[in-house]
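Chain residues, written in single-letter form:
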Amino acid sequence: MPEKEREELLSKLKRSLYVPEEVEERKYHREIDKNEREEKLLKDLNKVSFFSRILLWIKSKLSGKTIREMYLNTRIKHFKKNIASKYPGLTGFETRDLTPKVAEMVFGVYTLTVPLRDIFRRIWINSEDLEGMLVTLLEKRIPNPKKNLTDLVPLETLEKNFLESGTKEAMRDLVAKSLETYFDSLPKDISRDLERDLLPVTCTKDLILFQYKSFFQLFHFTPADGDLEKKTFFKNASAMLCLQHLERLHYALSQAILLKDATEIPEDVLAYMTELKKNIEAEGDEKLTAGLQDQTDDIGKEDNEGRERGEIDKGIEVSLRRLTAKAAAAHRSLPLEMLVKYFMKDPYHELVTNTPELRVKELYGSVFRLKIFAELEKIFPEIRQRVVEKEIQVLFEGKSMIHFRNYREYESIDYNKLGLPFFRFTRSLHLLFNYARHFYKEYIRDAVQVLERGILSQNRITNDRLLQYAAAVEDIENRAVSFDYSLSVDSEDGKLFQRLRFTLAQDKSHQRMYRTLVLQKDREVQAIIDRSLDALRGLATVFDDIISSKSDALSSQLNTHYFIKGKPVPLHQILAERKGHLKKFAELLDQVMKLEKG
C-alpha cells in the first residue's frame, strides 16, 4: 500500500482501540488551564452564602491571605474532615502518608485479579492479539464472512481487471470498491452487540492489569508470585509517592463498577478466553507475548470444538463476578478522589472516568483492509505472471518460437546455491525477437509500405518519423542475433563466459568476474529492448496521429481500400488494427520486464 494510506489506516486502527499506550504514560487526570480554573473558582465563590463570605473576609484580613486562598483552604479542610469522619484510619494527615489499611483493601482486590491476569495480558498487552480476538469473534457472528482476498474478489476477476488495465492501481481500486460494498452489507447491530458483550473484558481491563506490585512496594511489601496466602506486612507509605497510583486505581475502579451485575459473558467470548487460558497453561508463563498472532486462527477454529465438548471454563466468569463485587466494595471504602485532591491541595484537580469503548466496526474495517491489501501485494506477481503467460500463449499461438543459444539460463550453474544472478532479460529478448520475426514482417510492414508510398509521400516530417521507427524495428532481429553471438565461444566475451561458468564453484574471484559480465550483458540487452520498445510505440503513435488527423485530404485517403492478403480493407481499419497490436505487445513486453526485474 502507499505509505500515506498505510499511515492513515494504522492511525484509524489505533483510534478504534480503547487501549492505553504501554510505552507512553496515559494521563488519568485532565489538565485544567488557568482561565478554566479561575472560572470554576468564581462560580463556586458566587454560591457561598453571605455569612460564609463574611467569615472568609474576616479570616483573610487576619491571615493576610486573599479570599480566594481562604476559600481554597476551606475546601481542602472539608476534604480532610470528610475523610477523617467517613473513612477513618486511612491516612495520617500531619505525616502526609497512607496507612496499611489502604494497601490491605487494595490487596483484597489484587488477590481476585490473579486468576485473570495472564488471560488479560494476552488480550491487551499486544494490540495485534486484541485485533485477533475482535476479528475472530466478529467473523463468527457475520453471516458468510469474507476472510481473504479471493473471497472478496475472485482470482479470475482480478486477472481480467489486470488484463484490461495493466496496472496494479486499477486492481487496488477494484478491491477497494469491493471492500466498501462488503462493509456496507454487514448487519449494523453485529458490532454493537459484540461491544456490549465484551464489556466484562473492557471494563475490568485496567483493574486487572493495574501495577499492584509497584503500588505495594511503596508500602514496603512485595507479594510473592503464586503465593496469595502469605501474610502481608504493610507499612505506612508516602501519600505523595502514591498519588499517580491512586489516580490509576480510581480510574480502574470507576470502570469496573460500570458493570454492576452485568458480568455474564456470552458463550463465544467465554470459549475464546477458555482457549486462551489453555494455550497459556500449555506454553507456560515464560513467553506470554511470543507467537500470539500465530495462535489467533487456531483459537478461532478450536473454540467451536471446545463448545461442542462442553469445555468452556465458567471459572473465568465467576472470577470476574467476584472481582467486580470486590471492586464496588473498594470503591465505596476508598475515597480516592478526595485523597488525591487533599494531598495535592487542589480541589479542582479533575480525575478522568471515561466510559470504556471499543469501536469494533471501525477496527474490523481497518484490520481487514490492511489484510486484504497485504494479500493483494503478495499475490500480485502471481496474477501478473498468469496474465502474461495467457497473453503470450494467445499472441504466439501457432507460431514457431526461436530460442537463443547463448543468452539463456544455464542448468549447469546452481544460481541459488552460489548466490549468483542469471541473465535477467532472456524472456523479454526472446519475445521481442520472435515478435519482430513473425508479426512485423507478416503484419506491420505492409501498413508501413502503404503509408510510405501513399498518403505520407508528400509529408516528409511524418514520413521520416515512420521510416526511422520502422528501421529500428527491422533491425531488432539483427541486433538480437549479434548480441547472442557475443556470448558464443567464437567471441571474446563468450570465451570468457564459458571459462567462468565451469569454475564458479571453486573460485571466488571468478564469481566476481561472472557477476560483472552478467550485469554488462544485461545492460546491453536492456538497451536493445528499450530502443525497440520506443520504436514499436513510435510506430503506434504515427498510426494514431494519421487516424485522428482532421485533414480532409487524409480523411478521404483513410477510406481508401487496400488489398491485404487478398481482401479489400479500408486504410483506417488497417492502421487501427496495427496500432492496437503494437500497443498491446509493448504493454505485454513491459509487464514481462517488470517480472524479470522482480
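## Looking at the packing of helix α23 (residues 476-485) against helix α25 (residues 508-547)
Next, step 1: Across the interface, α23 lies against α25 with an axial gap of 11 Å and an inter-helix angle of 175 degrees. Taken together, the axis directions place α23 and α25 in an arrangement best described as roughly antiparallel. Each of Ile476, Arg479 and Phe483 in α23 lies in contact with α25, whose residues at this interface are Lys521, Glu524, Val525, Ile528, Arg531 and Ser532.
Next, step 2: Its residues placed into classes, the contact of α23 with α25 shows four nonpolar, one polar and four charged.

## Here we look at the side chain of Asp446
Next, step 1: By the element assignment, Asp446 lies in helix α21 (residues 426-453).
Next, step 2: Side chain to side chain, Asp446 and Arg578 meet in a polar contact 3.2 Å long.
Next, step 3: Setting aside residues no more than four positions away along its own chain, Asp446 makes contact with Ile564 and Arg578.

## Re the confidence of the model for the protein chain
Next, step 1: Per-residue pLDDT for the protein chain averages 84, and the proportion of residues at 70 or more is 90%.
Next, step 2: Within the protein chain, helix α16 (residues 292-308) has the poorest average pLDDT of any element, 41, and strand β4 (residues 237-238) the best, 95.
Next, step 3: Ignoring residues within four places in sequence, the model shows residues 17-25, a span with pLDDT below 50, making 23 contacts including any to other chains.
Next, step 4: Note on residues 285-310: pLDDT under 50 across the span, and 40 contacts to partners over four residues away in sequence or across chains.

## As for the sheet that holds strand β2 (residues 91-92)
Hydrogen bonding along the main chain pairs the strands of a sheet, whether they run parallel or antiparallel.
Next, step 1: The sheet built from three strands is open, its strands ordered β2-β3-β4 with antiparallel pairing. Bordering the open sheet on either side are β2 and β4, each of which pairs with just one other strand.

## With respect to the packing of aromatic side chains
Next, step 1: Using the criterion set out here, one finds 31 aromatic pairs in the structure.
Next, step 2: Judged by centre distance (5.0 Å) and plane angle (75 degrees), the ring pair of Tyr407 and Phe483 falls under edge-to-face. On the criterion of sequence distance, the pair formed by Tyr407 in the loop between α19 (360-395) and α20 (415-418) and Phe483 in helix α23 is long-range, its members being 76 residues apart. Both residues of the pair, Tyr407 and Phe483, belong to the buried class.
Next, step 3: One aromatic cluster in this structure is built from Phe107, Tyr110, Phe210, Tyr212, Phe215, Phe216, Phe219, Phe221 and Phe234.
Next, step 4: Looking at Lys168, its charged tip hangs above the ring of Phe380, at a distance of 5.0 Å from the centre.

## Some thoughts on a nonpolar patch on the surface
Next, step 1: Taken together, Phe50, Phe51, Ile54, Leu55, Trp57, Ile58, Leu62 and Ile67 make up a surface patch of nonpolar side chains, about 860 Å² in accessible area.
Next, step 2: If one sorts the elements of the nonpolar patch by residue count, helix α3 (residues 50-63) sits on top with seven residues.
Next, step 3: In this structure, Leu55 sits in helix α3.

## A few points about the environment of Asp313
Next, step 1: With respect to the element layout, Asp313 can be found in the loop between α16 and α17 (314-333).
Next, step 2: Judged by relative accessible area, which is 22%, Asp313 ranks as partly exposed.
Next, step 3: Once residues within four sequence positions are removed from consideration, Asp313 is found in contact with Leu270, Thr274 and Lys277.
Next, step 4: Within the local environment of Asp313, its side chain forms a polar contact with the backbone nitrogen of Gly315, the two atoms lying 2.8 Å apart.

## What to know about the pattern of salt bridges
Next, step 1: Summed over all chains, the structure comprises 27 salt bridges.
Next, step 2: Between Lys399 and Glu442 there is a salt bridge, and its shortest N-O distance comes to 3.3 Å. Taken as a pair, Lys399 in the loop between α19 and α20 and Glu442 in helix α21 lie far apart in primary sequence, 43 residues in all.
Next, step 3: The salt bridge partner of Asp545 is Arg465, with a shortest N-O separation of 3.5 Å. Residue Asp545 is located in helix α25, and its partner Arg465 is located in helix α22 (residues 460-474); the two are separated by 80 residues in the primary sequence.
Next, step 4: Assessed through its relative accessible area of 27%, Arg465 is described here as partly exposed.

## What to know about unusual backbone geometry
Next, step 1: At Asn144, a position not held by glycine, the phi torsion is positive, near 50 degrees.
Next, step 2: Mapping Asn144 onto the fold places it in the loop between α6 (127-141) and α7 (149-152).
Next, step 3: Judged by relative accessible area, which is 69%, Asn144 ranks as exposed.
Next, step 4: Residue His220 is not a glycine yet carries a positive backbone phi of 65 degrees.
Next, step 5: Given a relative accessible area of 53%, His220 falls into the exposed group.

Each value, and the rule that gives it
Residues numbered from 1 in each chain as written. Predicted model: local features only at pLDDT ≥ 70, side-chain atom pairs only at ≥ 80, totals over all residues. Heavy atoms only, no water. Axes fitted to C-alpha atoms, helices over the stretch in contact; angles between N-to-C directions. Helix = DSSP H or I, 4+ residues; strand = E, 2+ residues; numbered from the N terminus. Parallel < 35°, antiparallel > 145°, perpendicular 65-115°, else oblique. Contact = heavy atoms within 4.5 Å. Nonpolar A, V, L, I, M, F, W, Y, C, P; charged D, E, K, R; others polar. Polar contact = N/O pair within 3.5 Å; in protein donor to acceptor, adjacent residues only side chain to side chain. pLDDT = per-residue confidence, 0-100. Pairing = 2+ DSSP bridges. Phe/Tyr/Trp six-rings, centres within 6.5 Å; stacked < 30°, edge-to-face > 60°. Buried < 20%, exposed > 50% of the residue type's maximum accessible area, 1.4 Å probe, protein only. Lys NZ or Arg CZ within 6 Å of the ring centre and 35° of its normal. Patch = residues over 30% accessible without salt bridge, like charges linked within 9 Å, V, L, I, M, F, W, Y side chains within 5 Å. Areas by Shrake-Rupley, 256 points an atom, 1.4 Å probe, with all protein chains shown as cover. Salt bridge = Lys/Arg side-chain N within 4 Å of Asp/Glu carboxyl O.

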